[in-house]
Amino acid sequence: MEVTLNINGVEQSHDVEPRTLLVQFIRESAGLTGTNIGCDTSSCGACTVHLNGESIKSCTVLAAQVDGMEVTTIEGLAQSDGTLHPMQQAFHECHALQCGYCTPGMVMACVSLVEENQTLTEDEVREGLEGNLCRCTGYHNIVKAVLEVSEA
Amino acid sequence: MIPANFDYLRVDSVEGALEALQEHGDEAKLIAGGHSLLPLMKFRLSAPAYLVDINRLDDLKYVREENGSLVIGALTRHSDIEANSLVKKNAGLLASATHHVGDPQVRHRGTIGGAIAHGDPASDIPSALLALNATVVVTGPEGTRDIPIDDFFVGFLETDLKDDEMLTQIKVPSVPDAKWSFQKFNRRAQDWAIVGASVLVNNGQSGVSLVNMHSTPFRATAVEEAIASGANAKEASEQAAIGTEPTSDINASVEYRKHLARVLVKRGLEEAGL
Ligand SMILES: Cc1cc2nc3c(=O)[nH]c(=O)nc-3n(C[C@H](O)[C@H](O)[C@H](O)COP(=O)(O)OP(=O)(O)OC[C@H]3O[C@@H](n4cnc5c(N)ncnc54)[C@H](O)[C@@H]3O)c2cc1C
Ligand code: FES
Ligand code: FES
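Owing to the predicted nature of the structure, the values given are computational and were not obtained by experimental measurement.

**Let's talk about the nonpolar core**
So, step 1. Formed by 50 residues in total, the largest nonpolar core has its most connected members in Leu94, Ile116, Leu129 and Val172 of chain B.
So, step 2. Looking at this core, the elements with two or more residues in it are helix H1 (14-24), strand S5 (69-73), helix H5 (92-99), helix H7 (112-117), helix H8 (124-131), strand S6 (135-140), helix H9 (149-152) and strand S10 (166-173) of chain B.
So, step 3. Each residue touching Ile116 of chain B, except ones within four places of it in the same chain, is listed here: Leu129, Val136, Phe152, Phe153, Thr159, Leu167 and Ile170 of chain B.
So, step 4. Residues Leu77, Ala109, Ile142 and Leu147 of chain A belong to the second largest nonpolar core, which totals 26 residues.

This is the structure:
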């Protein structure tokens with residue numbers, strides 16, 4: 001079936017099987033490999049993207065279900081001149097990543113979290129990131145980065 | 001992991017959904033948020049031949065007040081319920097239980113109708129709805145019928161919904177003055193409950209129910225009866241495991257689950273002012 005998505009402002013249509021997962025559509029049909037697959041069972045958050053502005057796990061959504069909608073991936077955050085999104089900049093400055101595997105999903109989850117609540121406490125940040133696992137950082141600097149942006 | 005092949009049908013009305021169900025019978029499955037169904041399909045534990053997508057039924061996404069009740073459309077997402085001021089004011093227990101579901105990404109997709117129709121005893125939402133004495137409204141070829149929540153869950157992942165019916169609305173009596181508590185015990189924030197408890201106390205009446213303690217969402221009748229005959233929180237909570245048949249798994253043994261049920265009900269009752 002034909003599925004059309006607006007990904008990072010670019011409309012694209014691809015002929016895919018109905019069982020195609022959104023994350024496959026993004027990585028394989030659209031060729032945007034910034035979005036990672038970790039657990040493939042909706043537990044780790046590595047595949048987090050925005051659907052119409054809200055964070056979702058793209059390994060647990062069918063591309064067909066979101067036909068015609070707007071998707072933003074990690075590639076869509078920075079400006080075209082390379083200026084990083086404030087959350088990416090804060091991750092950089094707070095050293096909120098080590099191996100980087102969780103980072104695309106983590107950044108997308110963090111952006112959505114701040115958009116929904118601009119007055120986050122540290123506890124709310126930790127709880128709000130319950131759906132994203134990081135095996136390296138111990139989360140501490142990720143929380144710092146989010147607070148930096150939400151207080152800004 | 002990729003689900004088995006299926007034919008995808010997108011419908012834009014309740015009538016359209018019912019027609020698809022009638023045409024394809026038990027070969028068809030409705031998909032709402034997909035956050036219970038897709039994981040099962042990816043593990044190939046479920047392989048429907050037809051998937052009927054009801055996500056675009058925007059008419060079923062609402063929270064309203066009607067005749068002293070909150071009425072909630074089946075397709076309303078968890079994130080819209082937990083943040084809704086009417087729900088927070090008139091059914092705070094439901095807002096709290098919904099907030100405890102999974103994580104923000106899951107709550108952006110999952111729907112209240114899907115959470116109930118799935119009939120999972122480990123789900124937080126049915127437990128809150130039991131304590132709140134909700135009514136489930138289902139629509140089929142013959143029209144709509146109201147099912148008291150106590151009659152809705154009939155077995156493990158089994159509900160009173162017929163193959164050709166869909167869940168369209170949930171009615172929750174408004175109880176703005178009730179005291180309530182939602183208790184969930186798990187190891188990591190995002191996890192399902194190892195055991196959970198919903199407690200509601202309103203005008204001397206109580207509603208007490210348990211998560212993951214039985215083959216179905218479970219009303220702790222023995223606790224409610226103890227409270228009605230004047231027991232305090234400690235005495236009433238001692239009855240919490242009566243009638244339950246929890247399973248034993250990697251997280252907890254049967255005995256430990258029963259212990260948790262008593263502890264969580266006691267905490268809940270105390271928090272609800274008993
Ligand atoms: C990682 C993760 C963590 C989770 N953690 C929790 C948790 O802690 N607590 C909790 O309670 N839940 C949890 N859930 C489940 C979540 O609440 C689901 O959203 C919910 O159980 C199902 O809702 P859905 O809209 O996604 O339903 P779907 O998956 O789309 O459907 C589930 C079932 O209901 C049927 N159905 C759906 N809508 C209707 C309808 N309107 N009428 C008739 N039948 C219908 C479908 O055919 C299917 O059989 C979790 C899910 C995930 C993926
Ligand atoms: S890959 Fe989607 S949540 Fe882990
Ligand atoms: S930086 Fe390595 S998993 Fe998070």
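**Remarks on the environment of Leu86 of chain B**
All names here are of chain B.
So, step 1. Tracing the chain through its elements places Leu86 in helix H4 (residues 85-90).
So, step 2. Owing to a relative accessible area of 24%, Leu86 belongs among the partly exposed residues under this scheme.
So, step 3. Remark: the alpha-carbon pair of Leu86 and Val63, spanning 23 residues in sequence, is separated by 7.6 Å.

**Examining the interface of chain B and chain A**
So, step 1. Tallying the contact residues gives 32 residues for chain B and 33 residues for chain A.
So, step 2. Roughly 2,600 Å² is buried in total at the junction of chain B and chain A, and carbon and sulfur atoms are behind 52% of that figure.
So, step 3. The largest share of the area that chain B buries against chain A comes from Gln105, His108 and Arg109 of chain B, three residues that together contribute 24% of it.
So, step 4. The interface formed by chain B and chain A contains four salt bridges.
So, step 5. Residue Arg107 of chain B is joined to Glu130 of chain A by a salt bridge in which the shortest nitrogen-to-oxygen separation is 3.4 Å.
So, step 6. Counted by class, the side of chain B that touches chain A contains 14 nonpolar, ten polar and eight charged residues.

**Focus: the site of ligand 1**
So, step 1. Taken together, 31 residues lie near ligand 1, and Leu30, Gly34, His35, Leu37 and Thr111 of chain B sit nearest.
So, step 2. The environment of ligand 1 is shared, with nearby residues belonging to chains A and B.
So, step 3. Within the backbone of Gly34 of chain B, an N or O atom sits 2.7 Å from an oxygen atom of ligand 1.
So, step 4. Burial of ligand 1 by the protein amounts to 95% of the accessible area it has alone, namely 960 Å².
So, step 5. Listed by contribution, the elements that provide at least two residues to the shell around ligand 1 are strand S2 (28-31), H7 and S10 of chain B.
So, step 6. Its residues assigned to classes, the shell around ligand 1 comprises 14 nonpolar, 13 polar and four charged.

**Digging into the packing of aromatic side chains**
Residue and element names in this part refer to chain B.
So, step 1. Summed over the entire model, instances satisfying the criterion amount to one aromatic pair over all chains.
So, step 2. When the ring of Phe152 is compared with that of Phe153, the centres are 5.3 Å apart and the planes differ by 85°; the resulting orientation is edge-to-face. Neither residue differs from the other here; Phe152 and Phe153 are each classed as buried.
So, step 3. The cationic tip of Arg64 hangs over the ring face of Tyr62; the distance from NZ or CZ to the ring centre is 4.0 Å.

**So, H8 of chain B**
All names here are of chain B.
So, step 1. Of all eight residues in H8, eight are buried, a share of seventy percent or more.
So, step 2. Two to three positions downstream of the cap, the backbone nitrogen of Ile125 sits 3.5 Å from a side-chain oxygen, assigning the N-cap of H8 to Ser123.
So, step 3. Looking one or two residues beyond H8, the residue adopting positive phi is Asn133, at roughly 55°.

What counts as what
Residue numbers run consecutively from 1 along every chain, following the written order of its sequence. Here every chain gets a letter starting at A, and every ligand a number starting at 1, in the order they are written. It should be noted that, the model being predicted, local features are given only for residues of pLDDT at least 70 and side-chain atom pairs only at 80 or more, the latter also being counted only at that level, while totals for whole chains, interfaces and linings use all residues. To obtain the side-chain values, all non-hydrogen atoms of the structure were used and water was disregarded. For this analysis, a nonpolar core means a set of buried residues of the types Ala, Val, Leu, Ile, Met, Phe, Trp, Tyr and Cys, connected via side-chain atoms within 4.5 Å. Partly exposed describes any residue whose relative accessible area lies between the buried limit of under 20% and the exposed limit of over 50%, with all areas from a 1.4 Å probe on protein chains only and scaled to the type maximum. Going along the chain from the N terminus, every DSSP run of H or I of four or more residues is numbered as a helix, and every run of E of two or more is numbered as a strand. Residue contacts follow a heavy-atom distance rule, with two residues in contact if any of their heavy atoms lie within 4.5 Å. In short, buried area is how much 1.4 Å probe accessible area vanishes from two parts on joining, totalled over both. Any Lys or Arg side-chain nitrogen located within 4 Å of an Asp or Glu carboxyl oxygen qualifies as a salt bridge. Here the term charged refers only to Asp, Glu, Lys and Arg, the term nonpolar to Ala, Val, Leu, Ile, Met, Phe, Trp, Tyr, Cys and Pro, and the term polar to all other amino acids, Gly among them. Near is defined per residue: the residue qualifies when any heavy atom it owns lies within 4 Å of the molecule or strand. Polar contact is defined as a pair of N or O atoms within 3.5 Å, subject to the rule that within protein one atom must be able to donate a hydrogen and the other to accept it, and that residues adjacent in sequence are counted only when both atoms are side-chain atoms. The accessible surface values rely on the Shrake-Rupley method and a 1.4 Å probe; as for residues, cover is taken only from the protein chains in view. The rule is short: rings of Phe, Tyr and Trp, with Trp giving its six-membered ring, pair when the centres are within 6.5 Å, and they are stacked under 30 degrees, edge-to-face over 60, tilted in between. Look at NZ for Lys and CZ for Arg. If either is within 6 Å of the ring centre and within 35 degrees of the ring normal, a charge sits over the ring.

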